[in-house]
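Coordinates in review
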Amino acid sequence: MRVDRPAGAPGPGELLVEVEACGVCRTDLHLAEGDLPPHRPGTVPGHEIVGRVLAAGEGVTRHAPGDRVGGAWLRGTCGTCRYCLLGRENLCPHSVYTGWDADGGFTERTLLPADYVYPLPSDADPAQLAPLLCAGIIGYRALRRSDLPAGGRLGLYGFGGSAHLAAQVALAEGATVHVLTRSPAARELALSLGAASAGDAYDAPPEPLDAAVLFAPVGDLVPVALAALDRGGTLAVAGIHLTDIPPLNYQRHLFQERTLCSVTSNTRQDGADFLATAARITLHATVTPYPLDAAPQALADLSADRINGAAVLLP
């Protein structure tokens, strides 16, 4: 539903940002479809935001009008709990999120906390930058959580906005990548990016895996991916929502020191590290653009797997 709502003036520590592009993330879809409970009624979705600073609030010194910045999922943390003090702010129990706790980027102007935005290159295509700000960052953290060894064999289950970016990072670092996804178009994209193989989501990869990341929100794939791991392999589950996991067989799925772990949001350092990596390897996002008023169609296409790569709204 389209509404007219003023963004307002930036308060202390805030930026008023004119949105140039905003990615459409599967988390937005989970919120729209009720998989995740709303934290605040009527919140504007969108947390892959690229825009220009229009005004800065009191106390902001790192950003000025005209600067290009990126707004991401993690919007705020307490800074004082044991997790924040240990550098694990993604686990902060008081964390808040763009598009869930406060208005996001499915709009023309939005307010963002200055301490949680990322500086972005001024001359880059905003549609290319938008998916990096959640799909890219979360995929990067999931890749690191999978404990992929140098030159290792990686399996990616699901191949949408996040996976197709993580694959490029893994390939640039010398990994062999096998993609397992139900979408024929996504399999073609995977092979075009350099994947060694691309099969159906429930297929066995052509060789045992040292690591795997589950991007599809399908719990049935957890035992499938665990069974594909070699001894000592790790499966990282990247999504914020997952359907129920069926019973696991200890001998087949976990014995021989296979590891199953989750991925929860990201730290700001994850974001900085990923954006630096993306610039270094000249990462390319495959995007499908939509006008802002077609946001419902973009979400519907994402739900039906009609998007190859990432969807991006352009106000």
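Small disclaimer: the values here were computed from a predicted structure and weren't measured.

What counts and what doesn't
Along each chain, residue indices are assigned from 1 in the same order as the chain's sequence is written. Given that the model is predicted, a residue must reach a pLDDT of at least 70 before its local features are reported, and side-chain atom pairs must reach 80 or more before they are shown or counted; all residues, however, enter totals for whole chains, interfaces and linings. The basis for the side-chain values is all heavy atoms of the structure; hydrogens and waters are excluded. Helical segments are the DSSP runs of H or I of at least four residues, strand segments are the runs of E of at least two, and each set is numbered from the N terminus. We compute the radius of gyration from the C-alpha atoms alone; for a globule the expected value is 2.2 Å times N to the 0.38, where N is the number of residues. Should any heavy atoms of two residues lie within 4.5 Å, those residues are considered in contact. Pairing between two strands is assigned when DSSP locates at least 2 bridges connecting them. Here an angle of 0 to 180 degrees is reported between the N-to-C directions of two axes, which are lines fitted to C-alpha atoms, with helices fitted over the stretch in contact. Within this document, salt bridges are pairs made up of a side-chain nitrogen of Lys or Arg and a carboxyl oxygen of Asp or Glu, the two lying within 4 Å of each other. Relative accessibility under 20% of the residue-type maximum defines a buried residue, over 50% an exposed one, and the middle range a partly exposed one, all with a 1.4 Å probe and only protein chains included. Nonpolar side chains (Val, Leu, Ile, Met, Phe, Trp, Tyr) within 5 Å and like charges within 9 Å form the patches, drawn only from residues with over 30% relative accessible area and no salt bridge. Here the open area of atoms and residues is found with the Shrake-Rupley method and a 1.4 Å probe, where only the protein chains shown may cover a residue. Remark: nonpolar core denotes a set of buried residues (Ala, Val, Leu, Ile, Met, Phe, Trp, Tyr, Cys) joined through side-chain atoms within 4.5 Å. Arc, as used here, means the arc of the directions from the helix axis to the C-beta atoms. A clockwise path from the first strand over the helix to the second, with the strands pointing away from the viewer, defines a right-handed crossover. The cut-offs work like this: below 35 degrees is roughly parallel, past 145 is roughly antiparallel, 65 to 115 is roughly perpendicular, and the gaps in between are oblique. The sense of a crossing depends on the near helix, which, turned anticlockwise from the far helix by less than a right angle, makes the crossing left-handed and, turned clockwise, makes it right-handed. Asp, Glu, Lys and Arg are counted as charged, while Ala, Val, Leu, Ile, Met, Phe, Trp, Tyr, Cys and Pro are counted as nonpolar; the rest, among them Gly, fall into the polar class.

Moving on, we get to the overall build of the protein. A count of helices and strands for the protein gives 10 helices and 15 strands. A compact globule built from 315 residues would reach a C-alpha radius of gyration of about 20 Å, and the protein, at 19 Å, matches this within 12%. The principal-axis extents of the C-alpha atoms in the protein amount to approximately 60 × 40 × 40 Å. Here the analysis covers contacts within the protein between residues at least 6 apart in sequence; of these, 70% occur between residues at least 24 apart.

With that settled, consider the sheet that holds strand 11 (residues 209–214). If you trace the 6 strands from one edge of the open sheet to the other, you get 10-9-8-11-12-13, paired in parallel fashion. Sheet topology places strand 10 (197–199) and strand 13 (259–262) at the edges, where each strand pairs with a single neighbour. On average, adjacent strands in this sheet sit at an angle of 15° to one another, irrespective of strand direction. In this sheet, strand 11 lies alongside strand 8 (residues 153–157) in parallel orientation, the contact comprising 4 bridges. By the bridge assignment, Leu154 is partnered in strand 11 with Ala211.

The next point concerns the pattern of salt bridges. Tallied over the entire structure, the rule returns 11 salt bridges. In this structure, Glu20 engages Arg68 in a salt bridge whose closest nitrogen and oxygen atoms are separated by 2.9 Å. Taken as a pair, Glu20 in strand 1 (residues 14–24) and Arg68 in strand 3 (residues 68–71) lie far apart in primary sequence, 48 residues in all. Relative accessible area serves as the criterion here: at 22%, Glu20 is assigned to the partly exposed category. For Arg68, a relative accessible area of 6% corresponds to the buried category.

It is worth spelling out a nonpolar patch on the surface at this point. Taken together, the side chains of Ile245, Leu248 and Leu260 define a hydrophobic patch exposed on the protein surface, amounting to about 210 Å² of accessible area. Looking at the element boundaries, Ile245 is found in the loop between strand 12 (229–237) and helix 8 (250–254). According to the relative accessible area criterion, Ile245 is partly exposed, its value standing at 41%.

The backbone of Asp147 sits at a positive phi, close to 55°, despite the residue not being glycine. For Glu257, which is not glycine, the phi dihedral falls at a positive 60°. By the element assignment, Glu257 lies in the loop between helix 8 and strand 13. Taking the relative accessible area as the measure of exposure, Glu257 reaches 70% and is therefore exposed.

Within the largest apolar cluster, 44 residues are counted, with the highest numbers of intra-cluster contacts made by Leu132, Leu154, Leu156, Phe159, Val177 and Phe274. Secondary-structure elements contributing two or more residues to this core are helix 3 (126–129), helix 4 (135–145), strand 8, helix 5 (161–172), strand 9 (176–180), helix 6 (184–193), strand 11 and helix 9 (268–281). Take this core: its biggest share by element is 6 residues, from helix 5. Those residues in contact with Val177 that sit more than four places away from it in its chain are Leu154, Leu156, Ala167, Ala170, Leu171, Ala195, Ala196 and Ser197. The next biggest cluster of nonpolar side chains, apart from the first, holds 25 residues, and it includes Val17, Phe106, Leu112 and Ala114.

Since the α-helix packs 3.6 residues into each turn, any two residues three or four apart lie on the same face. Of the positions making up helix 10 (residues 295–303), those classed as buried are Ala295, Ala298, Leu299, Asp301 and Leu302. The arc that holds the buried residues of helix 10, viewed along the axis, is 160°, so those residues lie on one side. Residues of helix 10 that are buried make contact with strand 1, helix 1 (26–32), strand 14 (287–291) and strand 15 (310–314). Taken from the residues just after helix 10, Asp305 is the one with a positive phi, measuring 60°.

A few words on the pairing of strand 3. Burial of the side chains of strand 3 extends over both faces: Arg68 and Gly70 are buried on one face and Val69 and Gly71 on the other. Alignment of strand 2 (residues 49–56) against strand 3, held across 4 bridges, turns out to be antiparallel. The partner of Ile49 across the bridge, within strand 3, is Gly71.

Strand 11 sits mainly inside the fold: 5 of its 6 residues count as buried. Here strand 11 runs beside strand 12; their pairing, made up of 5 bridges, is parallel. The partner of Ala211 across the bridge, within strand 12, is Thr234. Between the parallel pair strand 11 and strand 12, the chain is carried across by helix 7 (residues 221–228), and the sense of this crossover is right-handed.

Let us look at the packing of helix 5 against helix 9. For the pair helix 5 and helix 9, interaxial distance at closest approach is 11 Å and the crossing angle is 65°. Between helix 5 and helix 9, the angle is such that the two are roughly perpendicular. Crossing of helix 5 over helix 9 shows left-handed handedness. Across the interface between the two elements, Gln168, Val169 and Ala172 from helix 5 touch Phe274, Thr277 and Ile281 from helix 9. Here the residues of the contact of helix 5 with helix 9 are counted per class, giving 4 nonpolar, 2 polar and no charged.

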